[in-house]
Amino acid sequence: MLKVKLAMAIIGISSIHLLATFIKARSMDGETILWQILLHLTFVVSAVALAYIDRLTLPAGKHAAAH
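This structure is a prediction, so every number in the text was calculated from the model and none was measured.

A. Main features of the packing of helix α1 (residues 2-23) against helix α2 (residues 30-57). At a minimum axis distance of 9 Å, the contact between α1 and α2 shows a crossing angle of 160 degrees. As judged from the angle between their axes, α1 and α2 are roughly antiparallel. The chirality of how α1 crosses α2 is left-handed. Judged by residue contacts, Lys-3, Val-4, Ala-7, Met-8, Ile-10, Ile-11, Ser-14, Ser-15, His-17, Leu-18, Thr-21 and Phe-22 of α1 engage Ile-33, Gln-36, Ile-37, His-40, Phe-43, Val-44, Ala-47, Leu-50, Ala-51 and Asp-54 from α2. For the contact of α1 with α2, a count of residues per class yields 14 nonpolar, 6 polar and 2 charged.

Okay, here's the thing in C-alpha cells:
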C-alpha cells in the first residue's frame with residue numbers, strides 16, 4: 001500500500017509540472033511537451049499496475065480491512 005501512495009504522490013507532482021508546461025506551452029517545443037505527457041502517462045500506468053498487483057497479493061478477506 002505504501003508503494004501505491006508514493007506513486008500517487010509522484011503523479012501529483014508530475015501533474016503540477018505538466019500543468020505548468022501547459023501554461024507556458026507557446027514558448028516550449030512540441031517535442032518537449034510530448035515527452036512530458038508520455039512520462040506522466042507512464043507514471044499513471046505504473047501506479048495503476050502497482051495498485052492492481054497490491055490488490056492481487058492481499059488475501060481475499062483483507063481488501064475491505066486494508067482501506
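The structure having been displayed, the exposition proceeds.
B. View of α1. Over its 22 residues, α1 runs 32 Å from end to end, which matches the ideal 32 Å to within 8%, given 1.5 Å per residue. Within α1, the full set of buried residues consists of Val-4, Ala-7, Ile-11, Ser-14, Leu-18 and Thr-21. For α1, the buried positions fall inside an angular range of 85 degrees around the axis, keeping them on one side. In α1, the exposed positions angled more than 90 degrees off the buried face are occupied by Leu-2, Lys-5, Leu-6, Met-8, Ile-13, Ile-16, Leu-19 and Ile-23.

C. Representation of a nonpolar patch on the surface in the model. Together, Leu-34, Trp-35, Leu-38 and Leu-41 make up an exposed nonpolar region whose accessible area comes to about 420 Å². Here Leu-34 falls in the partly exposed class, since its relative accessible area comes to 46%.

D. The confidence of the model for the chain, seen in detail. Mean pLDDT over the chain stands at 87; residues scoring 70 or higher make up 88%. When mean pLDDT is compared element by element in the chain, α2 scores highest at 92, while helix α3 (residues 63-66) scores lowest at 56.

E. Spotlight on the side chain of Thr-21. In this fold, Thr-21 is placed in helix α1. In this structure Thr-21 comes out as buried when scored by relative accessible area, which is 1%. Here Thr-21 is in contact with Met-28, Ile-33 and Gln-36, once residues within four sequence places are set aside.

Thresholds applied
- Sequence order as written defines the numbering, with residues in each chain counted from 1.
- Only residues with pLDDT of 70 or above have their local features reported here, since the model is predicted, and side-chain atom pairs are shown and tallied only from 80 upward, although totals for entire chains, interfaces and linings are computed over all residues.
- Excluded from the side-chain calculation are hydrogens and water; included are all heavy atoms of the structure.
- Axis definition: a line fitted to C-alpha atoms, over the contacting stretch in the case of helices. Angles run 0 to 180 degrees between N-to-C directions.
- Where helices and strands are cited, they refer to DSSP runs of H or I of at least four residues and of E of at least two residues respectively, numbered from the N terminus.
- Here is the rule for angles: anything less than 35 degrees is roughly parallel, anything more than 145 is roughly antiparallel, 65 through 115 is roughly perpendicular, and the remaining ranges are oblique.
- Two helices that cross are described as forming a left-handed crossing if the nearer one is turned anticlockwise from the farther one by less than a right angle, and a right-handed crossing if clockwise.
- Between two residues, a contact is recorded if the distance between any of their heavy atoms is within 4.5 Å.
- All residues other than Ala, Val, Leu, Ile, Met, Phe, Trp, Tyr, Cys, Pro, Asp, Glu, Lys and Arg, Gly among them, are scored as polar; the first ten of these are nonpolar and the last four charged.
- In a helix, the anticipated span is given by 1.5 Å times the number of residues less one.
- Burial classes follow relative accessibility: with a 1.4 Å probe on protein chains only, a residue under 20% of its type's maximum area counts as buried, one over 50% as exposed, and anything between as partly exposed.
- By arc we mean the arc of the directions from the helix axis to the C-beta atoms, nothing more.
- Patches were defined on residues exceeding 30% relative accessible area and lacking a salt bridge, with like-charge contacts within 9 Å and nonpolar side-chain contacts (Val, Leu, Ile, Met, Phe, Trp, Tyr) within 5 Å.
- A 1.4 Å probe and the Shrake-Rupley method give the accessible areas. Residues count as covered only by the protein chains that appear here.
- A side-chain nitrogen of Lys or Arg and a carboxyl oxygen of Asp or Glu constitute a salt bridge if their distance falls within 4 Å.
- The predictor rates its confidence in each residue with pLDDT, a number between 0 and 100.

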